[in-house]
Structures are given as C-alpha cells and as structure tokens.
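Fold and geometry: a report
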Amino acid sequence: MNKDFNFKVNKTDEEWKEQLSPDQYIVLRHAGTERPFTGEYNMHFENGIYTCAGCGEELFDSSSKFNSHCGWPSFDQEIENGKILEVRDESHGMIRTEILCGSCGGHLGCF
Ligand SMILES: [Zn+2]
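The following paragraphs examine the structure supplied in this document. Just so it is clear, the structure is predicted and the values come from calculations on it, not from any experiment.

1. Quick look at the coordination of the zinc ion
For the zinc ion, the protein coordination sphere consists of C52 (SG), C55 (SG), C101 (SG) and C104 (SG), at 2.2 to 2.4 Å. Of note is the zinc ion, whose 4 donor atoms meet at the metal with angles of 102 to 114° in an arrangement that counts as tetrahedral. Counting along the primary sequence, the residues that act as donors to the zinc ion give the motif C-x2-C-x45-C-x2-C. Of this pair, C55 sits in the loop between β1 (49-51) and β2 (58-61) while C104 sits in the loop between β6 (96-101) and β7 (107-110), and the two are 49 residues apart along the sequence. Accessibility expressed as a relative area gives 27% for C55, which makes it partly exposed. Overall, C104 belongs to the buried group, its relative accessible area being 2%.

Shown next as structure tokens:
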C-alpha cells in the first residue's frame, strides 16, 4: 500500500507485526480490515496529544478531534503542517480521503 511515498520510518510487514499489538497492526498497516466503530480511540474526546502508534510521531491535538461518522477517529487539523498525508481512496465503492501518518505511512483515519 502507498508505495508512492517515501516515509521517514520504513519497516517491513514483519517488523511492524512484531512492534505493534495485533489490533494496532491491523489498523495501521492494513487499513479497513478492522470493523469500523471498534477502534480504541473512537468516540473518545479526552484532552491531549495523539501520537502515531506506529512511530510515535505527534500528529494531532485532541482539540481538533471530531466525530466523523465514518467509524474512525477523525481530526480536522493536524498538529503541524506536513505531519499527515491525505490520500484519496475510491475503493469499496465510495470516495473518501484516507489519512496516513506522514512519517511511517500508518493508517490514522478518514474523512
Ligand atoms: Zn507513524
């Protein structure tokens, strides 16, 4: 997935599998296979900084989090320009924009 990008953090599928919990691995590296609305952080609105579970990069402030109704945590603003990548996704018969960590390419959400 997303072979067109050069990420700061590049790991093989096997390395990610070792580093991440099974749930994190599925969400971050195989976006879309987790059923929506089951994510750990979905519908949580605590204060704080959200970091990428894959590489630890700070990505969002919780003040920008909102409920997108797409089943994934969503944010309307990245914490700093260039932290995230937006990728248009027209698979699954619908058009949405997938949000990826700009550092490691992990799947973060969509809108
Ligand atoms: Zn990352």
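So, next bit.
2. Focus: the packing of aromatic side chains
If you walk through the whole model with that rule in mind, you get 0 aromatic pairs. Seen from the ring of W16, K11 lies directly overhead, with NZ or CZ sitting 5.3 Å from the centre.

3. Some details on the environment of I26
Here I26 lies in helix α2 (residues 22-29). For I26, a relative accessible area of 32% gives the class partly exposed. Residues I26 and W16 lie 10 residues apart in sequence; the distance between their C-alpha atoms is 9.9 Å.

The rules we used
- Residues numbered from 1 in each chain as written.
- Predicted model: local features only at pLDDT ≥ 70, side-chain atom pairs only at ≥ 80, totals over all residues.
- Heavy atoms only, no water.
- Donors = N, O, S within 2.8 Å, 3.2 Å for Na, K, Ca; no water.
- Tetrahedral: all angles 85-135°; square planar, octahedral: opposite > 155°, others 65-115°.
- Helix = DSSP H or I, 4+ residues; strand = E, 2+ residues; numbered from the N terminus.
- Buried < 20%, exposed > 50% of the residue type's maximum accessible area, 1.4 Å probe, protein only.
- Phe/Tyr/Trp six-rings, centres within 6.5 Å; stacked < 30°, edge-to-face > 60°.
- Lys NZ or Arg CZ within 6 Å of the ring centre and 35° of its normal.

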